[in-house]
Amino acid sequence: MSAAMKHIPVMFAEVMDALAVREGGRYIDGTLGRGGHAAGIAGRGGVVLGIDRDMAAVEACRAKFAQGGAVKTVHGAHGDIAEIAKREGFEGVDGVLLDLGVSSPQLDDPARGFSFRNDGPLDMRMDRTKGESAAELVARASAEELADILRRFGEEPQAKRIAQAIVRRRGERAFETTGDLADFVEKIAGRHGGKHPATRTFQALRMAVNDEEGELARALEGAVEVLARGGRLCVITFESLTD
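Keep in mind it's a predicted model, so treat the numbers as computed, not measured.

(A) Main features of the state of the cysteines. Evaluated as defined, the whole model comprises 0 disulfides. Looking at the unpaired Cys61, the closest cysteine sulfur is the one in Cys234, lying at 17 Å. With a relative accessible area of 11%, Cys234 lands in the buried category.

(B) How the structure looks around the pattern of salt bridges. Tallied over the full model, the rule gives 15 salt bridges. Put simply, Arg140 and Glu132 hold a salt bridge, and the shortest N to O gap is 2.7 Å. Note on Arg140: relative accessible area 45%, which makes it partly exposed. You can call Glu132 partly exposed: its relative accessible area is 29%.

(C) The arrangement of the pairing of strand β4 (residues 93-99) in detail. Counting buried positions along β4 gives 5 out of 7 residues, so the element sits mostly inside the fold. Where strand β1 (residues 26-29) and β4 come together, 3 bridges link them in parallel fashion. In the strand pairing of β4, Tyr27 is matched with Gly95. In this sheet, strand β5 (residues 227-236) lies alongside β4 in parallel orientation, the contact comprising 6 bridges. Residue pairing in the sheet places Val96 in a bridge with Leu233 of β5.

Basis of the calculations
Residues numbered from 1 in each chain as written. Predicted model: local features only at pLDDT ≥ 70, side-chain atom pairs only at ≥ 80, totals over all residues. Heavy atoms only, no water. Disulfide = S-S within 2.5 Å. Buried < 20%, exposed > 50% of the residue type's maximum accessible area, 1.4 Å probe, protein only. Salt bridge = Lys/Arg side-chain N within 4 Å of Asp/Glu carboxyl O. Helix = DSSP H or I, 4+ residues; strand = E, 2+ residues; numbered from the N terminus. Pairing = 2+ DSSP bridges.

Written as structure tokens, this is what we have:
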């Protein structure tokens, strides 16, 4: 693999230490992404079951690990980790890893709709094979429901004001792109400091669309179920809510 294609996660060394990866050990990466952590585990002699609900990530990792048998990739949600582990014969494992939130490839692809840095369709689904997009959620939810989402998952202090404004505007024209929604929220909330005023709104919608809180609760229960005695669970998060 070329240096340009090699993906090294931010907390790579810390994860390897926290999991105490050993040769012959069996591990589950519940948020496979582009396979940086899985490659590290396999490089230390471990065998990995990698799970991701983003089919693009699964396909990329299947190609990446095609030459070896140390990493098996599965399309699925980490909330179903216990069921998937049982099906794949990966019970009683030495370690489980969950790296929460949105990945760089997802943010960098405007077509996925996670970021307002480049305009794209307002989607935000990690698994594009099912579920409601952010555009569909914004189009159908009441002002009260939208305000609750913004307050709960984005900790947005202007949640009610933004939600009510969104509902008024969608009556005239639907929100279909990330740029349209980001510009509208900025107009309503105003810009204060360096962070874009739509940042909290986008985080909240992403977490709601993907049921990230519910998936995490199920994943934590499932991880404990599939770990062997003395096994380790490692969770990475950069968001206060999931922390």
